[in-house]
Amino acid sequence: MDSFALFEKHINPGLAGLLRFTGLDRVESHAEGVYVWDTTGKRYLDFLGLYGTLNLGHRHPKVVEAVKRQLDRMPMSVRVLVSEPTARLAARLSEVTPEGLEMVFFGNSGAEAVEAAFKLARIYTGKPEILTTEGGFHGKTMGALSLTPKPEYQDPVRPLVPGVKAVPYGDARALEEAITPRTAAVIVEPIQGEGGIRVPPEGYLREVRRITRERGVLMIADEVQTGLGRTGRLWGVDWEAVAPDLLTSAKALGGGVMPIGAVVGRREVFEVFKKNPLVHSSTFGGNPLACAAALAALEVTLEENLPERALRMGNRLIEGLKALAQAYPDLIQEVRGRGLMVGLEFVDADVGALCVAELAERGVLTAFGLNNPKVVRLEPPLIVEEDHIDQALQALEGALEATRKAIEGILG
Ligand code: PLP
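What you see is a predicted model; the values in this text were computed from it and never measured.

### So, the pairing of strand 3 (residues 43-46)
Thought 1: Pairing geometry for strand 2 (residues 35-38) and strand 3, over three bridges, is antiparallel. Each bridged residue has a counterpart across the sheet, and for tryptophan 37 the counterpart in strand 3 is arginine 43.
Thought 2: Connecting the antiparallel pair strand 2 and strand 3 is a turn made up of four residues, with glycine 41 showing a positive phi of about 95°.
Thought 3: Bridging between strand 3 and strand 13 (residues 364-365) involves two bridges; their strand directions are parallel. The residue bridging leucine 45 from the neighbouring strand is valine 364, located in strand 13.

Right, here's the structure in full:
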């Protein structure tokens, strides 16, 4: 049996069906930079980048080298001794995150970073309620899922963690009105990723910061997807010069080689660990191998000025997409995004899915947003070149043309 059949039989038949529908009933073989090859030898431009994880592309040599070195030295920490790469990464994160964020808790994923922030907010404030935003996505473990207001994911597992309320995204006034004396924190993405690449109105993050500060509520910026240069600045909150109380990071933090998650926060909030050092912990969180990858990833991101590059390449991509949107108004409703976090909103989710399939056929990988299937995300590595953008746009033009023909065929 080939690996796709094994996946279908033993892992997730539903997802296998979806992949087949988008023409991706294939098995990956190897990858390098912006390219991935399947086992038939077909090459794809990776314009999904593992949902915003592969900022440095696949197998960035400096990250691979750092991981190999650590692998030969000590991949896992014994935990009762302090690990050097872990301590160094915490110090480095405190240097590169907004002012006042000095302390770090490490997990292995975005959801774990969010769980840690959720718990820290409750313990520190002694209050139970958290505000989240409609369309927000913060992960699928029970705590993180409780902050992800999507009925398809929440309803099958109710009851959720209590005390969570969702307010409209981008509406600072609605958020202010929802704060009660029992509110511990507000969690917000600087740009909603899975919600369909939704960029909030200018000044929103600043307003959220002002309101939360005035009302004595913690602000958690979920930078799992927006972080590390994706939007054209190192952090999404940098666009409005906002320093949250807690900032979550994961995805690109491991340089596309290792999984790692982190919550970086104000020293005062982390005082909870002084009273109870093991109030939250993780066996693998912040393991030396992942931290070595993250240290190298941060170095490459800053040395190669990737946030600036993301902005430049993103502008080229968005401009090209807008031209295509004008030529295909019957298929594309809107193009939006910032840097290389770009969304293409189709008139309908099925039209988007058809186009994703046509794009895959033409050797470009994309996918739709988990919370908003009408929106196809384009999140290529930040190392992408002009040529790759132009190739992807050309493939998209062909895919749109084929999608239009297919629909005309169906509608007769
Ligand atoms: N937070 C945000 C903003 C995300 O986009 C995601 C994943 O897409 C998560 C949290 C969850 O991350 P993970 O899938 O690593 O648990």
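Picking up where we left off.
### Points about the packing of helix 1 (residues 3-10) against helix 2 (residues 13-21)
Thought 1: Interaxial distance between helix 1 and helix 2 falls to 6 Å at its minimum, and their mutual angle equals 135°. By the angle class used here, helix 1 and helix 2 are oblique. Between helix 1 and helix 2, the contacting residues are Phe4, Phe7 and Glu8 on the first element and Pro13, Leu15, Ala16, Leu19 and Arg20 on the second.
Thought 2: For the contact of helix 1 with helix 2, the per-class residue count stands at six nonpolar, no polar and two charged.

### Re the site of the ligand
Thought 1: Around the ligand, the neighbouring residues are Ser109, Gly110, Ala111, Phe137, His138, Gly139, Glu189, Glu194, Asp222, Val224, Gln225 and Lys251.
Thought 2: A distance of 3.4 Å separates a nitrogen atom of the ligand from a polar backbone atom of phenylalanine 137.
Thought 3: Aspartate 222 places a polar side-chain atom, nitrogen or oxygen, 2.7 Å from a nitrogen atom of the ligand.
Thought 4: Contact with the protein chains removes 82% of the 390 Å² of surface that the ligand exposes when unbound.
Thought 5: Within the shell around the ligand, the residues separate by chemical class into three nonpolar, five polar and four charged.

### Notes on the pairing of strand 10 (residues 261-266)
Thought 1: For strand 10, a buried count of five out of six residues is recorded, marking the element as mostly surrounded by other parts of the structure.
Thought 2: Of the pairings in the sheet, the one linking strand 9 (residues 246-249) to strand 10 comprises four bridges and is antiparallel in character. Counted as the bridge partner of leucine 247 is valine 264 from strand 10.

### Quick notes on the packing of aromatic side chains
Thought 1: One pass over the full model with this rule turns up four aromatic pairs.
Thought 2: Taken together, a centroid distance of 6.1 Å and an interplanar angle of 50° make the contact between tyrosine 35 and tryptophan 37 tilted.
Thought 3: Relative to tyrosine 204, the ring of tyrosine 169 has its centre 5.5 Å away and its plane inclined at 70°; by these criteria the two rings are edge-to-face. Remark: tyrosine 204 occurs in helix 10 (residues 204-215) and tyrosine 169 occurs in the loop between strand 6 (164-167) and helix 9 (172-178); sequence separation between them is 35 residues.
Thought 4: Tyrosine 169 sits in the buried class, given a relative accessible area of 9%.
Thought 5: Above the plane of the ring of tyrosine 153 lies lysine 140, whose end atom (NZ or CZ) is 4.2 Å from the centre.
Thought 6: One residue, lysine 150, lies across the ring of tyrosine 153, its end atom 5.5 Å from the ring centre.

### A short note on unusual backbone geometry
Thought 1: In this model, arginine 158 is joined to proline 159 through a cis peptide bond whose omega is 5°.
Thought 2: Here proline 159 is to be found in the loop between helix 8 (151-154) and strand 6.
Thought 3: Unlike most non-glycine residues, arginine 79 shows phi in positive territory, near 80°.
Thought 4: Locating arginine 79 in the fold gives a position in the loop between helix 4 (61-73) and helix 5 (84-96).
Thought 5: A positive phi angle, close to 50°, is found at asparagine 305, a residue other than glycine.
Thought 6: Structurally, asparagine 305 is set in the loop between helix 13 (288-303) and helix 14 (306-327).
Thought 7: Take asparagine 305: its relative accessible area is 42%, and that puts it in the partly exposed class.

### Considerations on helix 6 (residues 110-125)
Thought 1: Taking 1.5 Å per residue, 16 residues should reach 22 Å; helix 6 reaches 23 Å between its end C-alpha atoms and fits that length.
Thought 2: Listed in full, the buried residues belonging to helix 6 are Gly110, Ala111, Ala113, Val114, Glu115, Ala116, Ala117, Phe118, Leu120 and Ala121.
Thought 3: Just past helix 6, the residue glycine 126 takes up positive phi, approximately 70°.

### Remarks on the sheet that holds strand 14 (residues 367-368)
Thought 1: Read across the sheet, four strands follow the order 11-12-15-14 without closing on themselves; strand pairing throughout is antiparallel. Two strands lie at the open edges of the sheet, namely strand 11 (332-338) and strand 14, each paired on one side alone.
Thought 2: Sheet analysis places strand 12 (residues 341-346) next to strand 15 (residues 375-378), joined by four bridges and oriented antiparallel. For leucine 344, the partnering residue across the bridge sits in strand 15 and is valine 376.
Thought 3: Contacts between helix 14 and the sheet are confined to strand 11, strand 12 and strand 15, with strand 11 contributing the most and set at about 170° to the helix.

### Quick look at a nonpolar patch on the surface
Thought 1: Taken together, the side chains of Met74, Val78, Val80 and Leu81 define a hydrophobic patch exposed on the protein surface, amounting to about 410 Å² of accessible area.
Thought 2: Inspection of the secondary structure assignment puts valine 78 in the loop between helix 4 and helix 5.

Here is what the cut-offs are and how they apply
Residues numbered from 1 in each chain as written. Predicted model: local features only at pLDDT ≥ 70, side-chain atom pairs only at ≥ 80, totals over all residues. Heavy atoms only, no water. Pairing = 2+ DSSP bridges. Helix = DSSP H or I, 4+ residues; strand = E, 2+ residues; numbered from the N terminus. Axes fitted to C-alpha atoms, helices over the stretch in contact; angles between N-to-C directions. Parallel < 35°, antiparallel > 145°, perpendicular 65-115°, else oblique. Contact = heavy atoms within 4.5 Å. Nonpolar A, V, L, I, M, F, W, Y, C, P; charged D, E, K, R; others polar. Near = heavy atom within 4 Å. Polar contact = N/O pair within 3.5 Å; in protein donor to acceptor, adjacent residues only side chain to side chain. Areas by Shrake-Rupley, 256 points an atom, 1.4 Å probe, with all protein chains shown as cover. Buried < 20%, exposed > 50% of the residue type's maximum accessible area, 1.4 Å probe, protein only. Phe/Tyr/Trp six-rings, centres within 6.5 Å; stacked < 30°, edge-to-face > 60°. Lys NZ or Arg CZ within 6 Å of the ring centre and 35° of its normal. Expected span 1.5 Å × (residues − 1). Patch = residues over 30% accessible without salt bridge, like charges linked within 9 Å, V, L, I, M, F, W, Y side chains within 5 Å. Salt bridge = Lys/Arg side-chain N within 4 Å of Asp/Glu carboxyl O.

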